[in-house]
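Okay, here's what each chain looks like letter by letter:
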Amino acid sequence: MSWLFGYKSQVPPQGAGADGGGPEPPGPPPSAGAGAGQAAGDANLTKAERKAMEAYRFDSSALERAAEAARTLERSKHAREALELSKMQEGTRQQEYMAKVKEYEAHIEASKVEQKRVDHDERRKTLAEETKQQQQRAQYQDQLARKRYEEQLAQQQRVQEENLRKQEESVAKQEAMRRKTIEHEMELREKNKMKLLEAELRAKAKVDRENRDLTLEQIRLKAEENRITVMEGIKTAGAVLGQGATALLTDWNKVATTVGGLSLLALGIYTAKGATGVTARYVEARIGKPSLVNETSRFSLLEALKHPIDTVKRLKNKPTDALQGVVLQPKLEERLRDIAIATKNTKNNQGLYRNILMHGPPGTGKTMFAKRLAMHSGMDYAIMTGGDVGPMGRDAVTAIHKVFDWANTSRRGLLLFIDEADAFLRKRSSEQISEDMRSALNAFLYRTGEQNPRFMMVLASNTPEQFDYAINDRLDEMVEFTLPGPEERERLIRLYFDKFVLQPAAEGKKRFKVEQWDYSAVCSKMAKMCEGMSGREISKLGVSWQAACYASEEGVLTEQMVLDRCEAAARQHRQKMAWLSEQEKLDHKSITGGKGFLTQ
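Residues numbered from 1 in each chain as written. Predicted model: local features only at pLDDT ≥ 70, side-chain atom pairs only at ≥ 80, totals over all residues. Heavy atoms only, no water.

On to the side chain of Asp 468. The residue Asp 468 is located in the loop between strand E5 (455–461) and helix H14 (469–473) in this model. Take Asp 468: its relative accessible area is 7%, and that puts it in the buried class. Beyond its immediate sequence surroundings of up to four residues, Asp 468 is in contact with Leu 425, Arg 426, Lys 427, Arg 428 and Leu 441. (Helix = DSSP H or I, 4+ residues; strand = E, 2+ residues; numbered from the N terminus. Buried < 20%, exposed > 50% of the residue type's maximum accessible area, 1.4 Å probe, protein only. Contact = heavy atoms within 4.5 Å.)

Structure (structure tokens):
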């Protein structure tokens, strides 16, 4: 009903703040009847007080207009509807006002929530920054600690080197003084000996000059006596021989006795010669070793006399694991372990041994495993090379028979390892071989026709396809030794790095020190660099590390030196592979496992 009295309701406009910060509604115009005194009083008020007073001023003209409007409305027939409509408009304005109040309160709450979120984000960022600062501080402190530790190690190393240098200088000085003293003593002793010898020679010369006549007389008497003795002996021997010949020719009993004695003497000589031959063969079979056998663990009296210490060590060795120190692929290790267990049980049960062929690239552990297999099963081993058979010519057949006769006399059982067996066991149909080599092959086939409980035959070859068919028929097990894979190469490099580098450095050998670096990571890196290399080549790499350390000025092995040697070995391996001819690549196709040859 505010329109009846001539003023508007004090509703804050849209977007006004709770503290009245929005625009104020214009006040009603001043009435015409306002006096000068009121105007003067308003002039003394402040702006805020004038605004507050304008809201409470009373406009009489507006009251008159409202009264007139009320009378007009009462006379109208729509007075009640107008009143109801006014009430409804007033209620609508109140609801709109309340809705705006609630919207403003919701906006205030949302502002508070947003402020809390912002505070939370700021707090989280602050904590993250503090954590980062703490981590950086910890890293910096760790770096400082490591640097201090490295400086301490470097200082200790310098002190040790200085002490070692001083000790070496002291030892060198003492050695020089001792050498000078010994040389001086020897010089004095030599001078004294020369003086004594000179004095003795002078005395002897003086005595000889004084006794010259007497000495000549003694020599003349001795010569006369010797001549008379010789003449008398000749006369006596002639008389005895003449009398004996006369008596022998005149007495037939003595002639028969003489002939019988000479016959018995000839028979004794012939019998002694035969017995000597039999004894020599027995000694060769039981005590010595055949000429074809290059190395054996079997006890030999002659070898024991030549190398007593090695013989005692070999006798004290106990059976060990057949794969100890041998790094191979897991499947191959499992198969070889089964062969080792079967061989040991065969020896314990006195069964028949199986013949094995081990083929593959050189340097993959064939000979090493053969030795370990013999020691694991408690057998003796003997190693011969097929290349030694050809130069023997006609004697090759006899030498092969001697080897197998010698193997059959072993009490513990013998593992006969023939390396490079394809050198004399080639195909008779397609290969051009001599008659002597063919006879040697036939002798070998004759002695290996059946399995034997006394010895076990292990053949090794890089080209097994060149074997004669009869040789293949005598093989019971064929095992292929391949080049080491990535894991095997890393195991080999770690094994030889520990053997050739870390152990000598830990023992404190002279001029052999190792710089500190990440050994594990370097070994893994070198395993990738040595792709295609055999176990023998990797073992030679370990020896080259030692040579690099010995050749350095300070005797310290660094990481770069190790990597350089590894790179050089890998480059040499690629060059060797590039030098192979086409036929060699076909013959040695197992070197690369069918993946092709490495080229430089």
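Back to the text.
With that out of the way, let us pick up the packing of aromatic side chains. Considering all chains together, one arrives at 10 aromatic pairs under this definition. When the centroid spacing of 5.7 Å and the interplanar angle of 90 degrees are considered together, the rings of Phe 424 and Phe 444 count as edge-to-face. Placement of Phe 424 in the loop between strand E4 (414–419) and helix H13 (435–447) and of Phe 444 in helix H13 is noted, with a sequence separation of 20 residues between them. (Phe/Tyr/Trp six-rings, centres within 6.5 Å; stacked < 30°, edge-to-face > 60°.)

Before going further, it helps to examine helix H12 (residues 395–408). Taking 1.5 Å per residue as the helical rise, H12 with its 14 residues ought to reach 20 Å, and the 20 Å between its terminal C-alpha atoms agrees with that figure. Residues Ala 396, Ala 399, Ile 400, Val 403, Phe 404, Trp 406 and Ala 407 constitute the buried set of H12. Axial view of H12: buried residues confined to an arc of 160 degrees, hence all on one face. (Expected span 1.5 Å × (residues − 1). Arc of directions from axis to C-beta.)

This brings us to the sheet that holds strand E6 (residues 477–480). Strands sit in the order E1-E3-E4-E5-E2-E6 across an open sheet of six strands; the sheet is mixed. Lying at the two open borders of the sheet, with one neighbouring strand each, are strand E1 (293–296) and E6. Strand after strand, the sheet turns through a mean of 20 degrees between neighbouring axes, direction not considered. Direction of pairing for strand E3 (residues 380–385) relative to E4: parallel, over a ladder of six bridges. By the bridge assignment for E4, Asp 380 is matched with Leu 414. Contacting strand E2 (356–359), E5 and E6, helix H10 (residues 330–348) runs over the sheet at an angle of about 145 degrees to E6. (Pairing = 2+ DSSP bridges. Axes fitted to C-alpha atoms, helices over the stretch in contact; angles between N-to-C directions.)

Another aspect to go through is the nonpolar core. Ranked by internal contacts, the top residues of the largest apolar core, which has 32 residues, are Val 389, Ile 418, Phe 424, Leu 425, Phe 444, Leu 459 and Ile 471. Those elements that place two or more of their residues in this core are E3, H12, E4, H13, E5 and H14. Sort the elements by how many residues they give to this core and H12 lands first, with seven residues. Discounting chain neighbours no more than four positions away, the residues touching Val 389 are Leu 292, Met 384, Ala 396, Ile 400, Phe 424 and Ala 440. Judged by nonpolar contacts, the second largest core, of 27 residues, contains Phe 500, Phe 512, Ile 538 and Ala 548. (Core = buried A, V, L, I, M, F, W, Y, C linked by side-chain atoms within 4.5 Å.)

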